[in-house]
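Geometric and topological summary
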Amino acid sequence: MNLYLIMNKAAPTTTVAQSADSLRSSDEWTIQDAAELYRVDQWGAGYIGVNDSGHLQLQPGGESGPKVDLHEIVTGLYERGINTPVLLRFSDIIEHRLNAINNAFKSAIKDNEYKGAYQAVYPIKVNQQHQIVNEIAHYGRGLGFGMEVGSKPELLAVMAMTATNPNQLIVCNGFKDAQYIEAVILAHKLGRRIVPVIENLRELDRIIDTAKRYGVRPTIGARVKLATTGSGRWGSSTGTKSKFGMTITELLRAVETLREHGMVDCLDLIHCHSGSQHQDIGTIKSAVTELTHTFVQLRNLGAKLTYLDIGGGLGVDYMGGRADAASSMNYTLDEYASDVVYRVGSVCDAAEIEHPTIVTECGRAMAAYSSLLVFDVLGSSGPSDIINPRIETGTIEPDAPQPVRDLDATLHIVQGNAPHLVASYHDAMRARDEATTLFSLGYLTLEELAFAERLFWTICEHIQKACKELEVIPDELSDIEELMSEVYFCNFSIFQSLPDAWAIDQFFPIMPIGRLNERPDRRAILADITCDSDGQINDYINPDGGLAPTLPVHKLNSDDIYYMGAFLVGAYQETLGDLHNLFGDAHTVHIKLDESGWAIDELIRGDTVRQVLSYVQYDASDLARALERECEQGVRAKSLTVSEARTMRRFYESGLEGYTYLDPDIELT
Ligand code: PLP
């Protein structure tokens, strides 16, 4: 493995490298230092903090709610045989998020003397897991929240889940075939508050035909293609070239068609979605203003329009920097609600039009905080492996190659009283490059190159240590921590558990969940256990608010499992995850809190090997039989003893029923 190359592979989104300054060893380390280093208070949004034991602590019900030690939960689960990686979900966080969103709009309505109401719908594409949707349906019911679906399967799931509450609003987006439309019309007939949102004129024709066939006057919505272009990663969801919605010309044709059928009053909802994770409040304001103007004009054309649905877009500040950056946002929830309500109200007032019910579809902001992934670190690799055992200076032969002699001399200097750090660093770099060149030309043996390498990393280690004592680190040495970083191998799959980190460079805050009362004395890159070089995290939290290419971590010790948490993973990650290398779903545990502590509300075991093999059309029993036959032949041919054959069969059988991730506790025989 070429460590040098790995350590220099910085992600394109990485903007600022944290200076080695913050890891200076002279001051005493406190848990406040840990909280600042990992910016917990900024991205944790009041749900996450550091406690006196040096563990991360959760407060799922918000600032006044009960607290729970995350490390204790993870070790408690381990004692119950539930190993990491494990996805933890906190339904109290979901409840708190829904209330926060509702309260923000209630205050904005009051402050702006808005006459209409507010209602959120949860777009289940954000996280369709049954328990999540159930909880959102449950907590949202009391707040008058509904659901949004974007496909036939989502519609069928939501129709059944809201069966006992027919008044709960269901907004139906996405492309619709005849069956989808028929289901919606029949649901309307059943007394449901369900709104098919038309994406194109063909859908409208189908709705009109089906409604007439069943003698129903449906409630219809229309999705508008806004001219305003969005901000951030999903900016192209809007604008004239966006995939979704109707142009103004199509919208006017839709109104005409409805009028021809005497159904113009059925147009009850107007919708836009200006993209997920808006980083800039400016684009939200423009989109809402444009949509409200369209609403006003359609009202004047005779449409009933009780609902103005502004779609999703409310961001999550994953970086905690309140910045106009893809994984952050330059506004708060209160500001968002206030701007939306003010814009809708003022445009309607100017046109003397009654205020509509404002609908939002902000699922990310509802779900992201509620889930976190905990995984264990399996081991590490890095300069410390190369350096040990230590090299003494002055032990080289006088006829050693020149770069080796130069490195030896430089090591001597950095070990002395006047280490000339910058000059020594440059000398070491040059001598190491020269050693590599000489090796490529055939003038250095493997042993000589390895020796040069060890000298180089030993010099760097001395320079790194010396830097920790400096008040100001010279610019030339600002990357020394990064250079000396290790690779920490972590028991999870990015492709399964953090797919957006791999696919779209989405940033998620990741940090150790324990030992926060100890100074992290090294930096690491986290790599997963897939056999894919993309399976590593490239961006880490930086105390200055930006991102860094490495994460401050503690030295691994063999007595304790070193756990890491990846936070804010409740939106989009679970169903987007894939089976790369056949690593399946992680265990999922729903945790509930009360005065007496935490308890498992529900455990959903992760995929077994048998299950993931069946997803790719293997019959595990056939496989086991094939192996059994081979073992038997091996016994007959005397290449295996009977007991070895039994061990092999046992391994295979227990492996099929086991977790797809590494299990440090498994004993074979
Ligand atoms: N509504 C629609 C139509 C969407 O396409 C999406 C997601 O892209 C959402 C709502 C959810 O938006 P957000 O991720 O901002 O919660």
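On a predicted model such as this, the values are computed, not experimentally measured, just so you know. (Residues numbered from 1 in each chain as written. Predicted model: local features only at pLDDT ≥ 70, side-chain atom pairs only at ≥ 80, totals over all residues. Heavy atoms only, no water.)

1. Some remarks on the overall build of the chain
- Regarding its fold elements, the chain presents 24 helices and 22 strands.
- Its C-alpha atoms put the chain at 100 × 70 × 55 Å along the principal axes.
- Taking all 669 residues of the chain together, 55% fall into the buried category.
- Put simply, 76% of the contacts in the chain that link residues at least 6 apart link residues at least 24 apart. (Helix = DSSP H or I, 4+ residues; strand = E, 2+ residues; numbered from the N terminus. Buried < 20%, exposed > 50% of the residue type's maximum accessible area, 1.4 Å probe, protein only. Contact = heavy atoms within 4.5 Å.)

2. Observations regarding the confidence of the model for the chain
- Residues with a pLDDT of 70 or more make up 94% of the chain, whose mean pLDDT is 92.
- In the predicted structure, residues 1–23 sits below a pLDDT of 50 and forms 68 contacts with residues beyond four places in sequence or in another chain. (pLDDT = per-residue confidence, 0-100.)

3. Structural notes on the site of the ligand
- Taken together, 16 residues sit near the ligand, with Ser276, Gly313, Glu361, Gly363 and Tyr572 positioned nearest.
- Within the contact set of the ligand, an oxygen atom lies 2.5 Å away from a side-chain nitrogen or oxygen of Tyr572.
- Relative to its unbound accessible surface of 390 Å², the ligand loses 91% to contact with the protein. (Near = heavy atom within 4 Å. Polar contact = N/O pair within 3.5 Å; in protein donor to acceptor, adjacent residues only side chain to side chain. Areas by Shrake-Rupley, 256 points an atom, 1.4 Å probe, with all protein chains shown as cover.)

4. Considerations on the packing of aromatic side chains
- As enumerated under the stated definition, the model contains 14 aromatic pairs in all.
- Their ring planes at 50 degrees and their centres at 5.5 Å tell us that Tyr47 and Tyr369 sit as a pair that is tilted. Of this pair, Tyr47 sits in the loop between helix H3 (40–43) and strand E1 (48–50) while Tyr369 sits in the loop between helix H13 (363–367) and strand E13 (371–381), and the two are 322 residues apart along the sequence. For the residue pair Tyr47 and Tyr369, the accessibility class agrees, reading buried in each case.
- Taken together, the aromatic side chains of Phe105, Tyr118, Phe145, Tyr331 and Tyr336 make up a single cluster linked through ring pairs.
- Above the ring of Phe456, the side-chain terminus of Arg432 is found at 4.0 Å from the ring centroid. (Phe/Tyr/Trp six-rings, centres within 6.5 Å; stacked < 30°, edge-to-face > 60°. Lys NZ or Arg CZ within 6 Å of the ring centre and 35° of its normal.)

5. Looking at the sheet that holds strand E10 (residues 267–271)
- What the eight strands build is a closed barrel, ordered E5-E6-E7-E8-E9-E10-E11-E12; its pairing is parallel. Strand-to-strand twist across the sheet, computed as the mean angle between neighbouring axes with direction ignored, equals 25 degrees.
- Relative to strand E7 (residues 170–172), strand E6 (residues 146–149) is paired through three bridges, and the arrangement is parallel. Paired with Met147 across the two strands is Ile170, which belongs to E7. (Pairing = 2+ DSSP bridges. Axes fitted to C-alpha atoms, helices over the stretch in contact; angles between N-to-C directions.)

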